Amino acid sequence: MPAPRTGPLTDLRVIELGQLIAGPFCGQIFADFGADVIKVEPPGQGDPLREWGREGFPLWWSVVARGKRCITANLREKEGQDIVRRLVAEADFLLENFRPGTLEKWGLGYEDLKKINPRLIMIRVSGYGQTGPYASRAGYASVGEAMGGLRYVMGEADRRPSRAGISLGDSLAGLYATLGALAALHHREKTGEGQVIDATIYESVLSVMEGLVPEYQFEGYIRERTGSYLPGIAPSNIYEGTDGMVIIAANQDTVFARLCDAIGQPALKDEPAYVSHIARGKNQKALDDLIQQWASTRTIDEIERIMIENGVPVGKVYRAPDMLTDPHYAARETLVEVHSDRWPGIRQQNVFPKLSATPGKARWAGPDTLGSHTEEVLTELLDLTPDQVARLRASGIV
């Protein structure tokens, strides 16, 4: 059986609307830290993420929906909208990532819902925001990553921009939505007032773009794609051993001196071409070539051991098999086994960050059956009878 809810948010309830990743990832974080997250899906189809993944293995859903109770309600029908209104009356947050204006069309906008619950915090996640000329556009992570500046700087200089291999823009938007919601919760504790969190994909991406805009504004400098290294930061790159790849980061002067000893070339630290951070940046390629030549005859285990012995930051480039066998992952329980009927023994990333007094917990993988908690929630929270739930189900409302 799934474990009971634990963590710092067990007294909070989130009503999650919307689908796919950006909004639901915010809901996952709330559920991981103990909130009662009730996900509302359209009857008969559910969240498309239920089917995403390699054929026969829709495993992504089991992470993003973990710990949530899932019900169905047809929000295009008045009776379905009324279910949400009644749930909101006793909720702390309503989370949604529809295209702006959709909830207003259904009579479920913030101005409508705050009349029911003035303390409600509405978390709105979208591609471009609730205002501005692009607000009504459909927004996906890939587009938000491009507009926020990330895609242009990702990849090798001689080809089109790359993607990260994950839906990074969606996850960043979900993280910022959570941050905004908890800040609003603190405000509510002082004033009793709810408010709206307007989290966008493109602005979430832009927020992690460091000095990209002011560098252009004051220097006329535009960051370009550079592949596995940052211009002027050397040595800090990926190097290939005989059986894999490692990252070595030794751009600080004292660390570089230790790297020179580690690769058996102590004289390098005093050479004019490498004696300072600026000099190493100017001679980056030649320095990388020297390190690569040393690494190319050694296994990654050997490279890692030598670097660690000399106090040089080093790390193997991990894939999933490496994570499942790594002793540090095991010691910190970075991956944990999560209860699942469909995927017995499934291991997922643990709740993060770790809290010393009130840690969260990944209690169970996302419920596989669409609407599996509909009767439980509607009878428990809305005082409907099983016969009333059956009638709603028969009419396609749930």
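Look up a bit, the structure's there.
Residues numbered from 1 in each chain as written. Predicted model: local features only at pLDDT ≥ 70, side-chain atom pairs only at ≥ 80, totals over all residues. Heavy atoms only, no water.

> Mind laying out the overall build of the protein, listing which residues take part and the relevant values?
Looking only at helices and strands, one finds 17 helices and eleven strands in the protein. Along the three orthogonal principal directions, the C-alpha set of the protein runs to about 80 × 50 × 45 Å. Residue burial in the protein is summarised as follows: out of 398 residues, 44% are buried. Put simply, 68% of the contacts in the protein that link residues at least 6 apart link residues at least 24 apart. When the accessible area of the protein is evaluated, it comes to approximately 20400 Å², of which 53% is carbon and sulfur surface. Positive and negative side-chain charges of the protein, numbering 44 and 52 respectively, have mean locations separated by a distance of 3 Å. (Helix = DSSP H or I, 4+ residues; strand = E, 2+ residues; numbered from the N terminus. Buried < 20%, exposed > 50% of the residue type's maximum accessible area, 1.4 Å probe, protein only. Contact = heavy atoms within 4.5 Å. Areas by Shrake-Rupley, 256 points an atom, 1.4 Å probe, with all protein chains shown as cover. Lys, Arg positive; Asp, Glu negative; His and termini not counted. Charge placed at Lys NZ, Arg CZ, Asp CG, Glu CD.)

> I'd love a proper account of a nonpolar patch on the surface, names of residues and values included.
On the surface, I238, M245, I247 and V317 cluster together to form a nonpolar patch covering roughly 280 Å² of accessible area. Mapped onto the fold, I247 is located in strand β8 (residues 245-249). (Patch = residues over 30% accessible without salt bridge, like charges linked within 9 Å, V, L, I, M, F, W, Y side chains within 5 Å. Salt bridge = Lys/Arg side-chain N within 4 Å of Asp/Glu carboxyl O.)

> I'd like to hear about the pattern of salt bridges, residue by residue, with values.
Working definition: two side chains of opposite charge can pair if their charged atoms are close together. Evaluated as defined, the whole model comprises 27 salt bridges. Here the residues in one salt-bridge network are R13, D36, R69, E376 and E380, joined through shared partners.

> Describe unusual backbone geometry, with residues and values.
In this structure, the amide linkage connecting A234 to the following residue, P235, adopts the cis form with an omega of -5°. One can find P235 in the loop between α9 (212-219) and β7 (236-240). For the bond from F352 to P353, the omega torsion is 5°, close enough to zero to count as cis. If you trace the backbone, P353 turns up in the loop between β11 (347-349) and α16 (374-381). Residues other than glycine seldom take positive phi values, yet E210 does so here, at roughly 55°. Mapping E210 onto the fold places it in the loop between α8 (201-206) and α9. Here E210 falls in the exposed class, since its relative accessible area comes to 63%. The backbone phi angle of E333 is positive, close to 50°, even though this residue is not glycine. By the secondary structure assignment, E333 is in the loop between α15 (327-331) and β10 (335-337). The exposed category is assigned to E333, whose relative accessible area is 52%.

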